[in-house]
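Spelled out from the first residue to the last, the chains are:
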Number of protein chains: 2
Amino acid sequence: VVRIVVHPDNTIGTREALEARLDVDWVFPDDDMGVRSALADGAPVLVTAKWDAAFLQPTLEWVQGLGAGYEQFPIDTIRGAGVVFTNATGSHPCVAEHTFGLLLALTRNIAPAIRDGMSRTWSPIPPMVDLVGKTMAIVGLGFVGEEIAKRASGWGMHLIGVKRDPARHSGVVDEVVGLDQLDEVCRRADILVVALPNAPDTRGLVGARQLDLLGRGWLVNVGRGPVVDEQAMIERLTDGRLAGAGLDVFVTEPLPPSSPLWAMPNVVITPHTAGESPGYTARFADLVAENLAAWRGEGAWRNRVC
Amino acid sequence: VVRIVVHPDNTIGTREALEARLDVDWVFPDDDMGVRSALADGAPVLVTAKWDAAFLQPTLEWVQGLGAGYEQFPIDTIRGAGVVFTNATGSHPCVAEHTFGLLLALTRNIAPAIRDGMSRTWSPIPPMVDLVGKTMAIVGLGFVGEEIAKRASGWGMHLIGVKRDPARHSGVVDEVVGLDQLDEVCRRADILVVALPNAPDTRGLVGARQLDLLGRGWLVNVGRGPVVDEQAMIERLTDGRLAGAGLDVFVTEPLPPSSPLWAMPNVVITPHTAGESPGYTARFADLVAENLAAWRGEGAWRNRVC
């Protein structure tokens, strides 16, 4: 029976879903130190969202990432060690639901109504913003971006997808362009949804210039904080050049209490929970089962990065 | 030039949209008394959301309601006086956007995150609820219900429409049944969206029995407060038999500060703003222009109730 080590920093319910799905020798250490000893003891498989150089033991054969993004993993080093790395892309359709929740809390003035509700205050707040008739740009048309596009398809919006390779997409959006055309897309968009991972070519991609081109529009970031120039965004939210922002990710997480974003009426903050879903843990366990079969030579890898 | 009286209780922007759209002799009184005098002076047209028996002057010919619902108007009396009444159904697609905003604020735990945000608290709250895979029942498949269904079509839910005449619908939902099958629908649904007007046959339609059949599901009411038994709903929200409720309408509006709904973590309240939209005022002005032509014998009435 294979021994699989699971890093403790994972979504609630992950352990239960894995244990229910697969009858292997699970190890669930309490901390990094426990993960390191289990791997030093020869466990060949690690399921983790965090990385530590000490995890790369000679007996390690396969690392399954817990998220879609994997900027925290030294892929070249892992590849160099002959270790397989698979990520969890495709397990988070809930991010698309979350995207609409953040956006509508702003455009329908549901966030101010919730804040008013804490003092039992009934106060209709105009103006609302209609999504129908607007142009939504989805920057990052990977699995999550496509799921957002699918949900947006019945909403009467014009949908533009922006991605590294614009030739590959499902056809749900009205147009797809490359990252090099981001400026023009920002100029045309009313709503800019960021669904990109943190990577050398995405960091700071949405900067002062792109936000100025967006103008008095709406920004939703469910990708990674560093993709957006947070300071430039804060300045434009403060003076109203940018209408509002729905943010699940930040440059520093948890978002420090000192951040001015907390006090902005035109901002909705969720604590990096867009990927949380009871369905996620079951989908993730299925992914691990499929990749475990591949590791045993009984099938193809899913989401193999290296 | 025809004189048209507009009751002051209307959506912000209505006056501007009407004046921009139609060159008639507009009268915008400040109160009921002013409306009454203008009608007593012989104005033949009234645009209003409110009714007062004194509005029914012998010279009155046409009343244009400001909303989709018209339970506040004595239609038999109005008809008996030979006055035409038209409502504003079809002007509020924004209600569908609002419906999703209320629902996702609950299922994605965005409402608790907004409340936490007021004290700059970053606190991921499980569990989330996925809409994908769920069954959504839309009770009231009129214009608004169909707009909700259109938007829900890309979300991977099973959609059931419930309406008086199940033979007439657009085909967007997966099944349509009559109001007499509401109990069975509540039993099957995870999410119950109420988009019905207040009428003798809808009042209290969603009562203790229906809520018990829904079980630990989600209720969204963007129709009218009295359609749902508010006391039965409050009891089930308090003890968790009902998972949560997104409410834009109430039996008494404004919702009194004494209502226990204000303090419930699993409730999101908006102050009857689901129909608010900058697009609404323009759409409404178009409706008035079309019906003004009909009043002049130059076209067909739209939304004629009597």
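Preceding this paragraph is the structure being described.
Thresholds applied
- Residues numbered from 1 in each chain as written.
- Chains lettered and ligands numbered in written order.
- Predicted model: local features only at pLDDT ≥ 70, side-chain atom pairs only at ≥ 80, totals over all residues.
- Heavy atoms only, no water.
- Helix = DSSP H or I, 4+ residues; strand = E, 2+ residues; numbered from the N terminus.
- Least-squares fit on C-alpha atoms with pLDDT ≥ 70 in both.
- Contact = heavy atoms within 4.5 Å.
- Phe/Tyr/Trp six-rings, centres within 6.5 Å; stacked < 30°, edge-to-face > 60°.
- Lys NZ or Arg CZ within 6 Å of the ring centre and 35° of its normal.
- Salt bridge = Lys/Arg side-chain N within 4 Å of Asp/Glu carboxyl O.
- Buried < 20%, exposed > 50% of the residue type's maximum accessible area, 1.4 Å probe, protein only.

Engineer: What am I meant to see in unusual backbone geometry here?
Structural biologist: Of all residues except glycine, most have a negative phi; of all peptide bonds, most are trans. The omega angle of the peptide bond from A:Glu253 to A:Pro254 is -5 degrees, so this bond is cis rather than trans. By secondary structure assignment, the location of A:Pro254 is in the loop between β11 (244-247) and β12 (267-269). Notably, B:Arg120 is not glycine yet its phi reads approximately 55 degrees, a positive angle. The backbone phi angle of B:Asn303 is positive, close to 60 degrees, even though this residue is not glycine.

Engineer: Explain the relation of the copies chain B and chain A here, please?
Structural biologist: In the superposition of chain B on chain A (RMSD 0.1 Å, axial shift 0.0 Å), the rotation amounts to 180 degrees. Within this description, the copies of the chain are treated as partners about a two-fold rotation axis. When C-alpha distances to the rotation axis are compared across chain B, the minimum falls at B:Gly101, with a value of 2.9 Å. Both copies present the same face, since 100% of the interface residues in chain B are matched by interface residues at the equivalent positions in chain A.

Engineer: Got a minute to help me understand the packing of aromatic side chains in this structure?
Structural biologist: Centre distance and the angle of the planes are the two values used to describe a pair of aromatic rings. Applying the stated criterion across every chain, the model contains 21 aromatic pairs over all chains. Seen from their ring centres, B:Tyr70 and B:Phe85 are 5.9 Å apart, and the 55 degrees between their planes marks the pair as tilted. One end of the pair, B:Tyr70, is in the loop between β4 (62-65) and α3 (75-80); the other, B:Phe85, is in strand β5 (residues 84-86), and 15 residues separate them in sequence. One aromatic cluster is present, formed by A:Trp51, A:Phe55, A:Tyr70, A:Phe73 and A:Phe85 through successive ring pairs. Positioned above the aromatic ring of B:Trp155, the side-chain terminus of A:Arg151 is 5.7 Å from the ring centre.

Engineer: Is there a simple way to explain the pattern of salt bridges in this structure?
Structural biologist: Any two side chains of opposite charge can pair, on the condition that their charged atoms come close. Scanning all chains against the criterion turns up 39 salt bridges over all chains. B:Asp9 serves as the salt-bridge partner of B:Lys50, at 2.3 Å between the closest nitrogen and oxygen. Here B:Lys50, found in the loop between β3 (45-48) and β4, pairs with B:Asp9, found in the loop between β1 (3-6) and α1 (14-21); they are 41 residues apart in sequence, far enough to count as distant. Taking relative accessible area as the criterion, B:Lys50 reaches 40% and is therefore assigned partly exposed. Residue classification places B:Asp9 among the partly exposed residues on the basis of a relative accessible area of 37%. Close ionic contact of B:Arg302 with B:Glu290 constitutes a salt bridge, the shortest N to O distance being 2.9 Å. Taken as a pair, B:Arg302 in the segment after α10 (278-295) and B:Glu290 in helix α10 lie far apart in primary sequence, 12 residues in all. On the basis of relative accessible area, B:Glu290 is assigned to the partly exposed category, the value being 35%. One salt-bridge network, in which partners are shared between bridges, spans A:Asp212, A:Glu235, A:Arg236, A:Asp239 and A:Arg241.

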